[in-house]
Amino acid sequence: MLTPSRSARREATPEGASAARALPKGQQTKAAIVDAALRMAAQVGLEGLSIGALAETMGMSKSGVFAHFGSREELQISVVSEYYNRFEREVFYPAMQEPRGLPRLRAMFANWMNHTSIDLDAGSIFISGAVEFDDRPGPVRDALVQSVGSWLDAMSRAIRQAREAGHLVPDTDERQVAFEIHALILGLHYEARFLHMPGAVERTMRGFESVLSRYSVRN
């Protein structure tokens with residue numbers, strides 16, 4: 001289940017923004033380092049993160065960065081966590097304002113696609129991380145799997161709710177539909193970012209509508 005983190009809930013409100021600014025200086029510095037690391041990882045991947053390069057970017061010493069993170073692995077996990085929190089705020093929470101059923105499912109997909117389209121310039125850590133850590137057991141891979149798995153669980157739940165609302169046929173398999181929708185997002189990222197093929201966004205939307213048409217209840 002995609003569960004809102006406390007920090008994400010706070011930062012999603014004006015009060016949360018004020019609270020973030022009121023953090024002790026050490027926590028503010030750590031948050032700034034994670035933000036810089038997130039931008040760096042979007043360009044070079046989690047494995048490309050360098051304490052030295054990050055320290056130079058922040059105008060800090062290496063030991064200053066290490067004072068906030070005991071290891072590069074801890075830094076990588078913090079980056080995955082922050083990326084996930086931002087994904088929640090931009091994709092998940094706004095969609096929850098829509099009624100259960102197809103309206104919410106459509107909103108989740110539209111937000112996901114918009115988020116992916118924005119990521120095309122920098123790359124998705126969920127996608128690049130899957131390539132980097134698919135066969136490398138450990139805490140970083142675990143953090144990535146948990147983040148992506150939580151989102152796919154939320155998508156499956158929205159599909160199940162659409163079925164229960166009578167919007168999708170009774171024998172709709174939510175995992176199958178979530179798989180097909182996820183495949184569309186991966187295809188969008190591959191075509192638009194790697195192949196630079198025009199019209200990828202439009203094809204993705206048509207693909208989504210095609211999926212829904214096969215499972216929707218006919219009026």
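Before reading further, recall that the structure is shown in the block above.
Residues numbered from 1 in each chain as written. Predicted model: local features only at pLDDT ≥ 70, side-chain atom pairs only at ≥ 80, totals over all residues. Heavy atoms only, no water.

*Asks:* I tried to follow the overall build of the protein on my own but got confused; where do I start?
*Replies:* Assigned secondary structure in the protein consists of eleven helices and zero strands. Each of the 219 residues in the protein was classed as buried or not, and the buried ones make up 42%. A sequence separation of at least 24 residues applies to 69% of the contacts in the protein between residues at least 6 apart. If you sum the accessible surface of the protein, you get close to 11,500 Å²; carbon and sulfur atoms cover 55% of it. (Helix = DSSP H or I, 4+ residues; strand = E, 2+ residues; numbered from the N terminus. Buried < 20%, exposed > 50% of the residue type's maximum accessible area, 1.4 Å probe, protein only. Contact = heavy atoms within 4.5 Å. Areas by Shrake-Rupley, 256 points an atom, 1.4 Å probe, with all protein chains shown as cover.)

*Asks:* Can you walk me through the packing of helix α8 (residues 125–133) against helix α9 (residues 139–164) in this structure?
*Replies:* Axis angle and axis distance: for two packed helices, these are the angle between their axes and the distance between the axes, and together they describe the pair. At a minimum axis separation of 10 Å, α8 and α9 run at an interaxial angle of 140°. Classified by the interaxial angle, the pair formed by α8 and α9 is oblique. Of the two elements, α8 crosses α9, and the hand of that crossing is left-handed. Here I125, F126, G129 and F133 of α8 lie close against α9, whose contacting residues are V140, R141, L144, S147 and V148. (Axes fitted to C-alpha atoms, helices over the stretch in contact; angles between N-to-C directions. Parallel < 35°, antiparallel > 145°, perpendicular 65-115°, else oblique. Left-handed = near helix turned anticlockwise from the far one by under 90°.)

*Asks:* Can you help me understand the pattern of salt bridges in this one?
*Replies:* A complete count under the given rule lists twelve salt bridges for this structure. Here E47 makes a salt bridge to R72, at a shortest N to O gap of 3.4 Å. Placement of E47 in the loop between α3 (25–44) and α4 (51–58) and of R72 in helix α6 (residues 72–95) is noted, with a sequence separation of 25 residues between them. Judged by its relative accessible area of 29%, E47 is partly exposed. By relative accessible area, R72 is classed as partly exposed at 29%. The partner of R160 in a salt bridge is E174, with the nearest N and O atoms 3.7 Å apart. Taken as a pair, R160 in helix α9 and E174 in helix α10 (residues 174–195) lie far apart in primary sequence, 14 residues in all. Take R160: its relative accessible area is 29%, and that puts it in the partly exposed class. One connected set of salt bridges, linked through shared partners, spans D35, R39, E82, R86 and R89. (Salt bridge = Lys/Arg side-chain N within 4 Å of Asp/Glu carboxyl O.)

*Asks:* I'm lost on the environment of D173 in this one. Help?
*Replies:* Summarising the element assignment, D173 is placed in the loop between α9 and α10. Taking relative accessible area as the criterion, D173 reaches 42% and is therefore assigned partly exposed. In this structure the C-alpha to C-alpha distance between D173 and R163, which are ten residues apart in sequence, comes to 9.1 Å.

*Asks:* Is there a simple way to explain the packing of aromatic side chains in this structure?
*Replies:* Aromatic rings considered in pairs are described by the distance between their centres and by the relative angle of their planes. As enumerated under the stated definition, the model contains seven aromatic pairs in all. Between W112 and W151, the aromatic rings sit 5.4 Å apart at their centres with planes inclined by 85°, giving edge-to-face as the arrangement. Of this pair, W112 sits in helix α7 (residues 102–119) while W151 sits in helix α9, placing them 39 residues apart in sequence. Residue W112 shares its accessibility class with W151, and that shared class is buried. Each member of the aromatic cluster is reached from another via a ring pair, and the members are Y83, F87, W112, F126 and W151. (Phe/Tyr/Trp six-rings, centres within 6.5 Å; stacked < 30°, edge-to-face > 60°.)

*Asks:* I tried to follow the nonpolar core on my own but got confused; where do I start?
*Replies:* Soluble globular proteins: nonpolar side chains tend toward being buried together. In this structure, L46, L75, V79, W112, W151, M155 and I181 are the most contacted members of the largest nonpolar core, which totals 58 residues. Residue assignment for this core shows that the elements contributing at least two residues are α3, α4, α6, α7, α8, α9, α10 and α11 (200–215). Look past the residues within four positions of L46 in its chain and what remains in contact with it is A41, R72, Q76, V79, V80, I125, E132, F133, V140 and L144. (Core = buried A, V, L, I, M, F, W, Y, C linked by side-chain atoms within 4.5 Å.)

Purely spatial values, then, with no claim about function.
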